[in-house]
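Each chain, letter by letter, is given below.
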Amino acid sequence: AEPEARIKILKDDTIESIAECINQGKAKKIIVMTGAGISTAAGIKDFRSPGTGLYDDLGKYNLPFPEAVFDLAFFKETPSPFYRLAKELFPGKYRPTLTHYLLPLLAKKGLLLRSYTQNIDSLEKMAGLPEDLLVEAHGSFATSKCIQCSIVSDSEWVKEHIMDSNIPYCKRCDGLVKPEITFFGEDLPSRFRDMAQIDFVDCDLLIVLGTSLKVEPFNKLITQVSPRCPRLLINREKAGQELHSGFDFDDKWKYTVQRDAWFLGDCDVGVKKLVSLCGWEDELQVMYEAG
Ligand code: APR
C-alpha cells in the first residue's frame with residue numbers, strides 16, 4: 001500500500017520562542033523585512049489600509065487607478081500626480097518610529113545580517129542604520145535621473161523643484177527628471193537582487209514588519225529562507241499566507257516544516273515586546289529618545 005503521507009508539523013513558534021532563539025544565541029544572522037506599516041506611526045500613510053491608506057486617498061489626483069501614481073507609462077503622460085505626492089513624502093519632515101530603531105539596535109549587537117525595506121522615506125538611515133546593512137528594494141529619493149537620457153541630476157536641485165511644486169525637466173534633453181523610486185514596470189535596484197541571493201541562504205531568523213506582502217518580487221523573499229529558519233511577522237493583520245503554500249513539499253513526505261510566529265498588532269507594541277523579552281527595552285528607548 002502507498003506509504004501514508006506522513007505529516008510532520010513543527011509547533012508554530014511564538015514571539016516568546018523567537019526571543020528565546022535570540023537569547024540562546026541561535027539567531028546571529030537576522031534579516032528584517034519592512035513595509036509602510038512601520039512608518040504610519042511617523043505620520044506617513046501606508047498604501048492599502050482601508051480608508052487611511054494612500055491608495056484610498058489619491059482621489060484628489062483623479063488617477064485612473066491608485067497605483068498609477070507609481071506607473072511609468074502614466075507618469076510619462078501625466079507627471080504631476082507623482083510630483084505632488086513626492087512633495088508630501090519627501091524625507092525631511094518625518095522622524096523614525098520606535099520600530100525603526102530596532103534595526104540599528106540589532107546592528108550594534110552584531111546580529112543584523114541585512115534589512116530589506118520597501119519604504120522610500122529613508123527613515124531607516126535617519127535612525128542610524130549603516131547603509132551597507134540596508135537594501136532599499138523600491139529605491140529612494142536620494143538620487144534622481146532623467147527618464148529620457150538617464151543623466152543623473154543634482155538631488156538638491158530636484159528637491160527644490162519638487163518642494164516648489166515645479167516639475168524638474170532635464171537640463172540636457174528636457175526630459176522628466178524622476179527620483180530613483182522603483183515604479184511598477186521598472187526593474188528593482190541591482191543591489192536588491194545581488195544581496196538577496198547571498199543573504200537569505202545564511203539567514204537564521206527572519207523578522208517581517210508592517211507589510212501586506214502583496215507586492216512582488218519583494219514578498220517572495222520570505223520563501224527564500226531555509227525551512228528551518230524561524231519567521232516572525234509583526235503586523236496589524238496576517239500577511240503572506242498565500243506565499244506560504246510555496247513550502248508544501250510535493251512528495252511522499254508531505255510535511256510542513258516552516259516555523260512561523262505572528263504578533264498581530266501595532267509594530268511599536270510588537271517590537272517593544274520582542275526587545276523586552278531580550279532585555280533590551282531600555283537600550284531601545286534610549287536610542288529612540290536620542291534620535
Ligand atoms: N503596526 C502594524 N502594522 C501596520 C501599522 C502599524 N502601525 N500600520 C499599518 N500596518 C499594516 C497594514 O495593516 C498593512 O498590512 O502594514 C501593512 C501595510 O501594507 P501596505 O499598505 O500594502 O504597504 P506595503 O506592504 O509596504 O506596500 C508594498 O506597495 O505600492 C507599493 O511600492 C509600494 O512599497 C510599496 C509596496
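Residues numbered from 1 in each chain as written. Predicted model: local features only at pLDDT ≥ 70, side-chain atom pairs only at ≥ 80, totals over all residues. Heavy atoms only, no water.

Novice: When you look at the pairing of strand 2 (residues 112-117) in this model, what are you seeing that I'm missing?
Specialist: Regular strands place their side chains on alternate faces of the sheet. For strand 2, the buried fraction is high: six of the six residues fall into the buried class. Examined bridge by bridge, strand 1 (residues 30-34) and strand 2 share five bridges and lie parallel to one another. By the bridge assignment, Met33 is partnered in strand 2 with Tyr116. In the sheet, strand 2 pairs with strand 3 (residues 134-136) via three bridges, with the strands oriented parallel. Counted as the bridge partner of Thr117 is Glu136 from strand 3. (Buried < 20%, exposed > 50% of the residue type's maximum accessible area, 1.4 Å probe, protein only. Helix = DSSP H or I, 4+ residues; strand = E, 2+ residues; numbered from the N terminus. Pairing = 2+ DSSP bridges.)

Novice: Explain the sheet that holds strand 3 to me, please; I cannot follow it from the model alone.
Specialist: Strand pairing in a sheet relies on backbone hydrogen bonds, with the paired strands running either antiparallel or parallel. Read across the open sheet, the six strands follow the order 3-2-1-7-8-9; overall the sheet is parallel. If you trace the sheet from one side to the other, it starts and ends with strand 3 and strand 9 (260-264), each paired once. Neighbouring strand axes in the sheet, compared pairwise and without regard to direction, differ in orientation by 15 degrees on average. Summarising the sheet, strand 8 (residues 231-235) and strand 9 pair through five bridges and their orientation is parallel. Paired with Asn235 across the bridge in strand 9 is Leu264. Along the sheet, helix 7 (residues 190-202) makes contact with strand 1, strand 2, strand 3 and strand 7 (205-209), crossing strand 2 at roughly 135 degrees. Each of strand 7, strand 8 and strand 9 touches helix 9 (residues 267-277); the most contacted strand, strand 8, lies at about 140 degrees to it. (Axes fitted to C-alpha atoms, helices over the stretch in contact; angles between N-to-C directions. Contact = heavy atoms within 4.5 Å.)

Novice: How do you make sense of the packing of aromatic side chains when you look at a structure like this?
Specialist: To describe a pair of aromatic rings, one takes the distance between the centres and the angle between the planes. This structure, assessed with the given rule, holds 14 aromatic pairs. Geometrically, the ring pair formed by Phe75 and Tyr83 is tilted, given 5.5 Å between the ring centres and 55 degrees between the ring planes. Judged by its relative accessible area of 1%, Phe75 is buried. Here Tyr83 falls in the buried class, since its relative accessible area comes to 5%. Ring geometry for Tyr101 and Tyr288: centres 5.9 Å apart, planes at 70 degrees, overall edge-to-face. Placement of Tyr101 in the loop between helix 3 (80-89) and helix 4 (102-108) and of Tyr288 in helix 10 (residues 281-290) is noted, with a sequence separation of 187 residues between them. Of the residues examined, Tyr101 reaches a relative accessible area of 3% and is grouped as buried. A relative accessible area of 35% means that Tyr288 is categorised as partly exposed. The ring of Phe183 carries the charged tip of Lys178 above its face, separated from the ring centre by 4.2 Å. (Phe/Tyr/Trp six-rings, centres within 6.5 Å; stacked < 30°, edge-to-face > 60°. Lys NZ or Arg CZ within 6 Å of the ring centre and 35° of its normal.)

Novice: Mind showing me how you'd approach the site of the ligand here?
Specialist: The environment of the ligand is made up of 22 residues, and the closest members are Arg48, Tyr55, Thr211, Ser212 and Glu237. In the environment of the ligand, an oxygen atom lies 2.8 Å from a nitrogen or oxygen atom belonging to the backbone of Phe47. Side-chain polar atom of Tyr55 to an oxygen atom of the ligand: 2.4 Å apart, as the coordinates give it. Notes on the ligand: free accessible area 740 Å², of which the protein chains cover 96%. Of the residues in the shell around the ligand, the class split is six nonpolar, eleven polar and five charged. (Near = heavy atom within 4 Å. Polar contact = N/O pair within 3.5 Å; in protein donor to acceptor, adjacent residues only side chain to side chain. Areas by Shrake-Rupley, 256 points an atom, 1.4 Å probe, with all protein chains shown as cover. Nonpolar A, V, L, I, M, F, W, Y, C, P; charged D, E, K, R; others polar.)

Novice: What am I meant to see in the packing of helix 9 against helix 10 here?
Specialist: The packing of two helices is summarised by the inter-axis angle and the distance between the axes. At a minimum axis separation of 7 Å, helix 9 and helix 10 run at an interaxial angle of 130 degrees. The angle between helix 9 and helix 10 falls in the class oblique. Where helix 9 abuts helix 10, its residues Val271, Lys272, Val275 and Ser276 lie against Glu281, Leu284 and Gln285. Residues belonging to the contact of helix 9 with helix 10 are distributed by class as follows: three nonpolar, two polar and two charged. (Parallel < 35°, antiparallel > 145°, perpendicular 65-115°, else oblique.)

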